[in-house]
Amino acid sequence: MKWNNYHSASGRAAQKAQNTLCFHYQICYDRQGQPKSKAAKRELAAPLNTSSIFPNPANQYVTISYSLLAASASTSLTILDGLGRQMENRSMGETYQGQELMDTRKL
């Protein structure tokens, strides 16, 4: 098989995949293959961002471990209570992976 035939076949498959994402999930791409909106970029990255909190339930302190696909100077960690109220907000900066120790006695 010639490279040109393989390349055009894979291009058609990629185009079909992009059309499916756009139609069913509203994750649409421009001609260069870049997501058209910041929301689409977040949706694509969200499953790749991971975090865990231990021990759970907490007594005095918890350790929050995280791993992010993308980080920027404005990246932050926000802790919410069960009603969605903000309990704490910490600036994380451009840190892609790490751990944060949080005092839960005041919460």
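Above this text you will find the structure in question.
All figures in this text were calculated on a predicted structure; none of them were measured in a lab. (Residues numbered from 1 in each chain as written. Predicted model: local features only at pLDDT ≥ 70, side-chain atom pairs only at ≥ 80, totals over all residues. Heavy atoms only, no water.)

Chemist: Can you help me understand the overall build of the protein in this one?
Modeler: Of the regular secondary structure elements, the protein holds two helices and five strands. A burial count over the protein gives 18% of its 107 residues as buried. Residue pairs in contact within the protein that sit at least 24 positions apart in sequence constitute 34% of those at least 6 positions apart. Put simply, the protein shows about 8,500 Å² of open surface, and 52% of that area lies on carbon and sulfur atoms. (Helix = DSSP H or I, 4+ residues; strand = E, 2+ residues; numbered from the N terminus. Buried < 20%, exposed > 50% of the residue type's maximum accessible area, 1.4 Å probe, protein only. Contact = heavy atoms within 4.5 Å. Areas by Shrake-Rupley, 256 points an atom, 1.4 Å probe, with all protein chains shown as cover.)

Chemist: Whenever I open this one, the sheet that holds strand β1 (residues 50-54) confuses me. Can you help?
Modeler: In a beta sheet, neighbouring strands pair by backbone hydrogen bonds and run either parallel or antiparallel. In spatial order, the strands read β1-β2-β5; together these three strands make up an open sheet with antiparallel pairing. Both outer strands of the open sheet, β1 and β5 (97-103), are each paired with one neighbouring strand and no more. The sheet shows a mean angle of 15° between the axes of neighbouring strands, direction not considered. Summarising the sheet, β1 and strand β2 (residues 61-67) pair through five bridges and their orientation is antiparallel. If you follow Thr 50 over to β2, its bridge partner there is Ser 67. (Pairing = 2+ DSSP bridges. Axes fitted to C-alpha atoms, helices over the stretch in contact; angles between N-to-C directions.)

Chemist: Just checking my understanding: could you explain the environment of Asn 49 for this structure?
Modeler: When you line up the elements, Asn 49 lands in the loop between α2 (38-45) and β1. Look at Asn 49 and you get partly exposed, because its relative accessible area is 30%. Sequence-wise, Asn 49 and Ala 70 are 21 residues apart; in three dimensions their C-alpha atoms are separated by 8.4 Å.

Chemist: Is there a simple way to explain the pattern of salt bridges in this structure?
Modeler: Note that side chains of opposite charge can pair when their charged atoms are close. Evaluated as defined, the whole model comprises four salt bridges. Here the salt bridges do not stand alone but share partners, grouping Glu 88, Arg 90 and Glu 100 into one network. (Salt bridge = Lys/Arg side-chain N within 4 Å of Asp/Glu carboxyl O.)

Chemist: Help me understand unusual backbone geometry in this model?
Modeler: If a residue is not glycine, its phi is most likely negative; likewise, a peptide bond is most likely trans. Of the consecutive residues Phe 54 and Pro 55, the connecting peptide bond is found in the cis state with omega at -10°. The step from Asn 56 to Pro 57 runs through a cis peptide bond, and the omega angle for that step is 10°. The residue Pro 57 is located in the loop between β1 and β2 in this model.

Chemist: Teacher, can you tell me more about the nonpolar core here?
Modeler: General note: in soluble globular proteins, nonpolar side chains tend to be found buried as a group. Membership of the largest hydrophobic core is limited to seven residues, which are Val 62, Ile 64, Tyr 66, Leu 77, Ile 79, Met 92 and Met 102. If you list the elements that add at least two residues to this core, you get β2 and β3 (76-80). Looking at this core, the element that brings in the most residues is β2, giving three residues. Aside from chain neighbours lying at most four places away, what touches Tyr 66 is Thr 50, Ser 51, Met 92, Thr 95, Tyr 96, Gln 97, Gly 98, Gln 99 and Glu 100. (Core = buried A, V, L, I, M, F, W, Y, C linked by side-chain atoms within 4.5 Å.)

Chemist: Honestly, the side chain of Glu 88 in this entry has me stumped. Any pointers?
Modeler: Positionally, Glu 88 belongs in strand β4 (residues 86-91). Among the polar contacts listed, one links the side chain of Glu 88 to the side chain of Arg 90, at a separation of 2.7 Å. In contact with Glu 88, other than residues within four places in its own chain, are Leu 77, Thr 78, Ile 79, Met 102 and Lys 106. (Polar contact = N/O pair within 3.5 Å; in protein donor to acceptor, adjacent residues only side chain to side chain.)

Nothing here speaks to function; it is all geometry.
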